[in-house]
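Examination of the molecular architecture
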Amino acid sequence: LHRQAEQTCRQLVRTQEEHERLLQAAVKQAEGLEHNLRSAEAVLAEKVAQLEDVQAQLSRNKLLIEDLREENRGFSMSLQAAELKQKSTEEKNQLLEEQASALKQLVGKITPASLSG
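Throughout what follows, the structure given in this document is the object of discussion. (Residues numbered from 1 in each chain as written. Predicted model: local features only at pLDDT ≥ 70, side-chain atom pairs only at ≥ 80, totals over all residues. Heavy atoms only, no water.)

Along the chain, the regular secondary structure elements total one helix and zero strands. Relative to the globule expectation of 13 Å for 117 residues, the C-alpha radius of gyration of the chain, 49 Å, shows a markedly less compact shape. Its C-alpha atoms put the chain at 170 × 15 × 15 Å along the principal axes. Relative to its full complement of 117 residues, the chain shows a buried share of 0%. A total of about 11,100 Å² of accessible surface is found on the chain, and carbon and sulfur atoms cover 59% of it. Side-chain charges in the chain split into 16 positive and 19 negative, and the spacing between the mean points of these groups amounts to 3 Å. (Helix = DSSP H or I, 4+ residues; strand = E, 2+ residues; numbered from the N terminus. Rg over C-alpha atoms; globule rule 2.2 N^0.38 Å. Buried < 20%, exposed > 50% of the residue type's maximum accessible area, 1.4 Å probe, protein only. Areas by Shrake-Rupley, 256 points an atom, 1.4 Å probe, with all protein chains shown as cover. Lys, Arg positive; Asp, Glu negative; His and termini not counted. Charge placed at Lys NZ, Arg CZ, Asp CG, Glu CD.)

What follows is the structure in C-alpha cells.
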C-alpha cells in the first residue's frame, strides 16, 4: 500500500510538472499573441493616419477642382464674349472695306470729270 501511494504521488508530481510546462507554454504563446496584437494595432493606427491624410488631400483636391471649374466657366464666358466682339469687328471691317471700295469708285468717277471740266 505504501509503495502504491508513492507511485501515485510520483505520478501526481509528474502530472503537475507537465501541467506547469503546458501552462508556461500557454503563457509564452499568449505573450507572443499579445505582442503580435500590439504590432497589428500599431500598423492599423499608421494606416488609419495615412487614410486620414489621403482623405484630407482628396477634400483639398475637390475644392481645387471646383475652383478650377469656376475659373474655367469664367474663361469660357470671356472667350465667348471675345469671339462675339471679333465677329462684330470683322463685320464692321467688311462694311468699312465695302464703303472704302465704293468711295474709291466714286472718287475715280469724280476725278476725271473734274479734270475735264
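Scanning all chains against the criterion turns up four salt bridges. For the salt bridge of Glu18 with Arg21, the shortest nitrogen-to-oxygen distance reads 2.6 Å. On the criterion of helical spacing, the pair formed by Glu18 and Arg21 is a turn pair, its members being three residues apart in helix H1 (residues 2-116). You can call Glu18 partly exposed: its relative accessible area is 35%. The partner of Arg73 in a salt bridge is Glu66, with the nearest N and O atoms 3.3 Å apart. Since its relative accessible area comes to 40%, Arg73 is described here as partly exposed. (Salt bridge = Lys/Arg side-chain N within 4 Å of Asp/Glu carboxyl O.)

Next up on the list: a nonpolar patch on the surface. Together, Leu103, Leu106, Val107 and Ile110 make up a nonpolar patch on the protein surface, roughly 360 Å² of accessible area in all. Here Leu103 shows up in helix H1. Using a relative accessible area of 51% as the deciding quantity, one classes Leu103 as exposed. (Patch = residues over 30% accessible without salt bridge, like charges linked within 9 Å, V, L, I, M, F, W, Y side chains within 5 Å.)

This part is about the environment of Glu6. Positionally, Glu6 belongs in helix H1. We classify Glu6 as partly exposed; its relative accessible area is 35%. Sequence-wise, Glu6 and Glu18 are 12 residues apart; in three dimensions their C-alpha atoms are separated by 18 Å.

All quantities given are derived from atomic positions and should not be read as evidence of function.
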